[in-house]
Amino acid sequence: MSSLLNTGRSSLKRSLIMLAVLAFCILPAGALEPVDLPESPDIVAFSVQNNGKSVPVTLRQLEKLGLYRVTTASPFEKGQLTFEGVLFRDVLKLVGLEGEDSVVLRAVDEYVQIIPRQDWTEGPLLLATRQNGKLLTRRTQGPTRLVYPLNDHPAFDTPIHKPRWVWLIKTLEPGG
């Protein structure tokens, strides 16, 4: 009877160890990690268009929300890219659009994408202001760009979500 119990315990231990290893290898780590970088300049990142008014939002205002870092693949560039920025849902709260069903991002070239609420509630979208610690510029598709953390949230790696990576953002407005 004792050997039967020992065999059962060994099997249970092996199963638990295998489960732990499997979970460690498969489950994504936190996609975004907090980061502390030097204060950004007080330059306009984009404007919020709402009720016929245009309100500028600065990089400094954005980054005071708290910076996070993510390394992810991009649907448009090769390799793994590292971005720093703020949570998109925090930006929407800052500008009073957190209650919207969707928001519209418009780039300087008039490229437009509607970002549904589901995207910013199901995953930690990042409004990037930096890449590899350096402020984004027009040359690097800034001063802000919307990043979907594809490595840690593979559900975002779809043909529907890929066009929603918007850069050179000019305006943010309610989608309804």
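Residues numbered from 1 in each chain as written. Predicted model: local features only at pLDDT ≥ 70, side-chain atom pairs only at ≥ 80, totals over all residues. Heavy atoms only, no water.

As named in an unreviewed UniProt entry, the chain is Oxidoreductase molybdopterin-binding domain-containing protein, taken from Mesorhizobium muleiense.

### Here's the deal with the packing of aromatic side chains
A complete count under the given rule lists three aromatic pairs for this structure. Judged by centre distance (6.1 Å) and plane angle (75°), the rings of Phe88 and Trp120 are edge-to-face. Residue Phe88 is located in helix 3 (residues 88-94), and its partner Trp120 is located in helix 4 (residues 117-122); the two are separated by 32 residues in the primary sequence. In this pair, the class of Phe88 matches that of Trp120, namely buried. Ring centres 5.0 Å apart and planes at 80° place the aromatic pair Tyr148 and Phe156 in the edge-to-face group. Given a relative accessible area of 0%, Tyr148 falls into the buried group. Given the relative accessible area of 5%, Phe156 is considered buried. (Phe/Tyr/Trp six-rings, centres within 6.5 Å; stacked < 30°, edge-to-face > 60°. Helix = DSSP H or I, 4+ residues; strand = E, 2+ residues; numbered from the N terminus. Buried < 20%, exposed > 50% of the residue type's maximum accessible area, 1.4 Å probe, protein only.)

### A word on the environment of Gln80
Residue position: Gln80 is located in strand 5 (residues 80-87). Those residues within four positions of Gln80 in sequence are excluded, and the remaining contacts are Thr71, Thr72, Ala73 and Asn151. (Contact = heavy atoms within 4.5 Å.)

### So, the side chain of Ser47
For Ser47, the position within the fold is in strand 2 (residues 44-50). When neighbours within four sequence positions are excluded, Ser47 is seen to be in contact with Ser54, Val55, Pro56, Lys170, Thr171 and Leu172.

### Things to note about the pattern of salt bridges
Taken as a whole, this structure holds eight salt bridges when the rule is applied. Of the charged contacts, one joins Glu39 and Arg60 as a salt bridge, the two residues approaching to 3.6 Å between their closest N and O atoms. Taken together, the residues Glu39 in the loop between strand 1 (33-35) and strand 2 and Arg60 in helix 2 (residues 59-63) connect sequence positions 21 residues apart. Take Arg60: its relative accessible area is 26%, and that puts it in the partly exposed class. The residue Arg164 makes a salt bridge to Asp119 at a minimum N-O spacing of 2.8 Å. (Salt bridge = Lys/Arg side-chain N within 4 Å of Asp/Glu carboxyl O.)

### Describing the sheet that holds strand 11 (residues 169-174)
If you trace the five strands from one edge of the open sheet to the other, you get 3-2-11-6-7, paired in mixed fashion. At either margin of the open sheet sits one strand with a lone partner, and together these are strand 3 (53-58) and strand 7 (112-116). Here the average twist between neighbouring strands, direction ignored, is 25°. The pairing of strand 6 (residues 102-107) with strand 11 spans five bridges and is antiparallel. Looking at the pairing, Val103 lines up with Pro174 of strand 11. (Pairing = 2+ DSSP bridges. Axes fitted to C-alpha atoms, helices over the stretch in contact; angles between N-to-C directions.)

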